[in-house]
Amino acid sequence: MGFTHIFDHPLIHHKISFLRDKTTSTPQFRQIVNEIAMLMAYEISRDFPLVTTTVETPLATTECKRLAERSVVLVPILRAGLGMLEGFQFVLPSASVGHIGMARNEETLEPEPYYHKLPGHVTEAHVIVLDPMLATGGSACNAIDFLKSQGATDITFAAILGTDQGLQKVHEAHPDVRVYLAEKDPVLNEHGYIVPGLGDAGDRIFGTV
Ligand code: PRP
Ligand code: URA
């Protein structure tokens, strides 16, 4: 089985309770998605390599640690993944951004890709795929298949809510991909929605409910 990290942090639990609440407004929802994304970025970057560099402070010369010049590419899956982008960029401002456009067919629940744009250095970068919802795992797998077909080798998938079904699908197809979930929910309903979940993440982020 591949690597899964599920957050167990008071701030994350607190914020997710507001995402779940159907009375949370779109501006609040969008704000909280970004706050959670920022906290996730902090944890995901825990093992990023550091290099030693010499810095002149106003008082002395000292050795400091800085992130290695190893590029990070953030890849939100449109639409809902865009909601997590600002939070990640706040913590990783130098990251490049690729986009994958994908919509799940409401009947078959199969992902239907409609747009791809990646930076050229995706082959050398640590690629972090952003999508708030890992439901059946179809969209995640399709996005990861595409990234690998373009030469990406170092991939992390970050979602706010996920299910065992989604995790299993990703880990079986892509055991090398690290998956981070803010929380894991018990089931999918007959329409492929995560339950208790938070509803349609894209609709709630963009006010298309
Ligand atoms: C949602 C979500 C994921 C996908 C998850 O997107 O943001 O991309 O469904 O479902 P899966 O794991 O079963 O594939 P949706 O297709 O609703 O598009 P949107 O982001 O444009 O709302
Ligand atoms: N996509 C969503 O936005 N919500 C779900 O519960 C499942 C897929």
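Conventions we followed
- Residue numbers here run from 1 along each chain, matching the order of that chain's written sequence.
- Here chains are named by letter from A upward and ligands by number from 1 upward, in the order in which they appear as written.
- Residue-level local features of this predicted model are given only where pLDDT is at least 70; pairs of side-chain atoms are given and counted only at 80 or more, and the full residue set underlies all totals for whole chains, interfaces and linings.
- Here is the check we use: build the C-beta atom from the backbone, and if it is within 6 Å of the molecule or strand, call the residue near.
- Numbering of helices and strands starts at the N terminus; helices are DSSP runs of H or I of at least 4 residues and strands are runs of E of at least 2.
- Put simply, Ala, Val, Leu, Ile, Met, Phe, Trp, Tyr, Cys and Pro go in the nonpolar bin, Asp, Glu, Lys and Arg in the charged bin, and everything else, Gly too, in the polar bin.
- Here, a nonpolar core means buried Ala, Val, Leu, Ile, Met, Phe, Trp, Tyr and Cys residues linked by C-beta atoms lying within 7 Å of one another.
- Partly exposed residues are those whose C-beta has more than 12 but fewer than 20 other C-beta atoms within 10 Å; with 20 or more the residue is buried, with 12 or fewer it is exposed, and the C-beta atoms are placed from the backbone.
- Working definition of a contact: two residues with C-beta atoms, positioned from the backbone, lying within 7 Å.
- UniProt positions are given in the numbering used here, feature names are shortened, and annotations may be inferred rather than shown by experiment.
- With axes taken as lines fitted to C-alpha atoms, and helix axes fitted only over the stretch in contact, angles between N-to-C directions fall between 0 and 180 degrees.
- For classification purposes, angles smaller than 35 degrees are called roughly parallel, those larger than 145 roughly antiparallel, those between 65 and 115 roughly perpendicular, and all remaining angles oblique.
- Take the far helix as the reference: if the near one is turned anticlockwise from it by less than a right angle, the crossing is left-handed, and if turned clockwise, right-handed.
- In short, DSSP must find at least two bridges between two strands for them to pair.

Peer 1: I keep staring at the site of ligand 1 and nothing clicks. Help me out?
Peer 2: Around ligand 1, the surrounding shell holds 23 residues, and the nearest of these are A80, R104, T136, S139 and G202. Where the shell around ligand 1 is concerned, the elements lending two or more residues are β6 (99-104), β9 (133-134), α4 (138-149) and α6 (201-206). Along the lines of polarity and charge, the residues of the shell around ligand 1 split into twelve nonpolar, seven polar and four charged.

Peer 1: Is there a simple way to explain the site of ligand 2 in this structure?
Peer 2: The environment of ligand 2 is formed by A80, M133, A135, G192, Y193, I194, G197, D200, A201 and G202. Among the residues making up the shell around ligand 2, the classes are represented as six nonpolar, three polar and one charged.

Peer 1: What am I meant to see in the nonpolar core here?
Peer 2: Here is a general trend for soluble globular proteins: nonpolar side chains tend to be buried in one another's company. Membership of the largest hydrophobic core comes to 53 residues, with the highest contact counts inside it found for V127, I128, V129 and F157. Among residues more than four places away in sequence, those in contact with V129 are V75, I77, A143, I144, I155, F157 and A158.

Peer 1: What should I look at first to understand unusual backbone geometry in this one?
Peer 2: The general pattern is negative phi for most residues beyond glycine and trans for most peptide bonds. With an omega of -5 degrees, the peptide bond running from L78 to R79 counts as cis. Among the structural elements, R79 can be located in the loop between β4 (72-78) and α3 (82-91). Of note in the backbone geometry, L109 takes a positive phi value of approximately 65 degrees without being a glycine. You can see L109 is positioned in the loop between β6 and β7 (111-117). Given 14 C-beta atoms within 10 Å, L109 falls into the partly exposed group.

Peer 1: How should the UniProt feature "binding site: uracil" (unreviewed entry) in the chain be read in this particular structure?
Peer 2: Following the UniProt record, one finds the feature "binding site: uracil" (unreviewed entry) at I194, G199, D200 and A201. The buried category is assigned to I194, around which 25 C-beta atoms lie within 10 Å. Leave out the neighbours within four places in its chain, and I194 touches M133, A135, L161, T163, D185 and L188. Residue placement: G199 occurs in the loop between β13 (194-195) and α6. Judged by local crowding, G199 falls into the partly exposed class, with 16 C-beta atoms found within 10 Å. With sequence-adjacent residues up to four places away left out, G199 is seen in contact with K22 and R204.

Peer 1: What's the story with the packing of helix α1 (residues 10-20) against helix α2 (residues 26-44) in this structure? I'm lost.
Peer 2: For any two helices packed against each other, one specifies the crossing angle of their axes together with the interaxial distance. At their nearest, the axes of α1 and α2 sit 9 Å apart, and the two run at 155 degrees to each other. Looking at the two axes, α1 sits roughly antiparallel to α2. Crossing of α1 over α2 shows left-handed handedness. In contact with L11, I12, K15, I16, F18 and L19 of α1, α2 contributes Q28, F29, I32, V33, E35, I36 and L39. Grouping the amino acids of the contact of α1 with α2 by side-chain chemistry returns ten nonpolar, one polar and two charged.

Peer 1: Help me understand the pairing of strand β8 (residues 126-130) in this model?
Peer 2: Walk down a regular strand and you will see the side chains alternate between the two sheet faces. Among the five residues in β8, five count as buried, and that is most of the element. Residues H126, I128 and L130 of β8 are buried on one face, and the alternating residues V127 and V129, pointing to the opposite face, are buried as well. Two elements, β4 and β8, share five bridges in a ladder whose sense is parallel. Pairing of V75 across the sheet is with V129, part of β8. In this structure, β8 lies alongside strand β10 (residues 154-162), joined through five bridges in parallel fashion. Within β10, the residue paired with V129 across the bridge is F157.

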